[in-house]
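Residue strings, one per chain:
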Amino acid sequence: MSVVKINVLTVPAEQREVLEQRFASRAHAVENSDGFEWFELLRPVEGTDQYLVYTRWRDEESFQAWMEGPMKSAHQGGGDRPKPAASGSTLWSFEVVQQASPKSS
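Residues numbered from 1 in each chain as written. Predicted model: local features only at pLDDT ≥ 70, side-chain atom pairs only at ≥ 80, totals over all residues. Heavy atoms only, no water.

## Description of the overall build of the protein
Thinking step 1. A tally of helices and strands in the protein yields two helices and four strands.
Thinking step 2. The N-to-C order of helical and strand elements in the protein reads β-α-β-β-α-β.
Thinking step 3. Burial analysis of the protein (105 residues in total) assigns 28% to the buried set.
Thinking step 4. Sequence separation of at least 24 residues holds for 71% of the intrachain contacts in the protein that already meet a minimum separation of 6.
Thinking step 5. Surface summary for the protein: the accessible area is close to 7600 Å², and the carbon and sulfur share equals 52%. (Helix = DSSP H or I, 4+ residues; strand = E, 2+ residues; numbered from the N terminus. Buried < 20%, exposed > 50% of the residue type's maximum accessible area, 1.4 Å probe, protein only. Contact = heavy atoms within 4.5 Å. Areas by Shrake-Rupley, 256 points an atom, 1.4 Å probe, with all protein chains shown as cover.)

This is the structure we're talking about:
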């Protein structure tokens, strides 16, 4: 079964728009990665300042290959890189043990 990685980003209110714009400008940056299955950026509605970056992968190896390749190079750079929009980050890891989808009509 697949693995799910959720990056929990603590984002101050004044940085929310910046974070969302940065993700929008990188749209489609992960879709061609081997083993990639799904992405969602989840905006908090109330009671928290944490965004969730949900990705789903065929297996742990596919996620690690992306982390060491495209993701790493996208987050490296020189001294002119803008400061991060998030003030903190935690990575949660899960294995998918059950799933369901809408029934076909």
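## Observations concerning the packing of aromatic side chains
Thinking step 1. What the rule picks out here adds up to five aromatic pairs.
Thinking step 2. Between Phe36 and Trp57 the ring centres are 5.5 Å apart and the planes differ by 75°, which places this aromatic pair in the edge-to-face class. With Phe36 in strand β2 (residues 36-42) and Trp57 in strand β3 (residues 50-57), this pair connects stretches of sequence that are 21 residues apart.
Thinking step 3. Phe36 sits in the buried class, given a relative accessible area of 17%.
Thinking step 4. Ring plane angle 35° and centroid distance 5.3 Å describe the contact between Trp57 and Trp66, whose orientation is recorded as tilted. With respect to burial, Trp57 and Trp66 carry one shared label: buried. (Phe/Tyr/Trp six-rings, centres within 6.5 Å; stacked < 30°, edge-to-face > 60°.)

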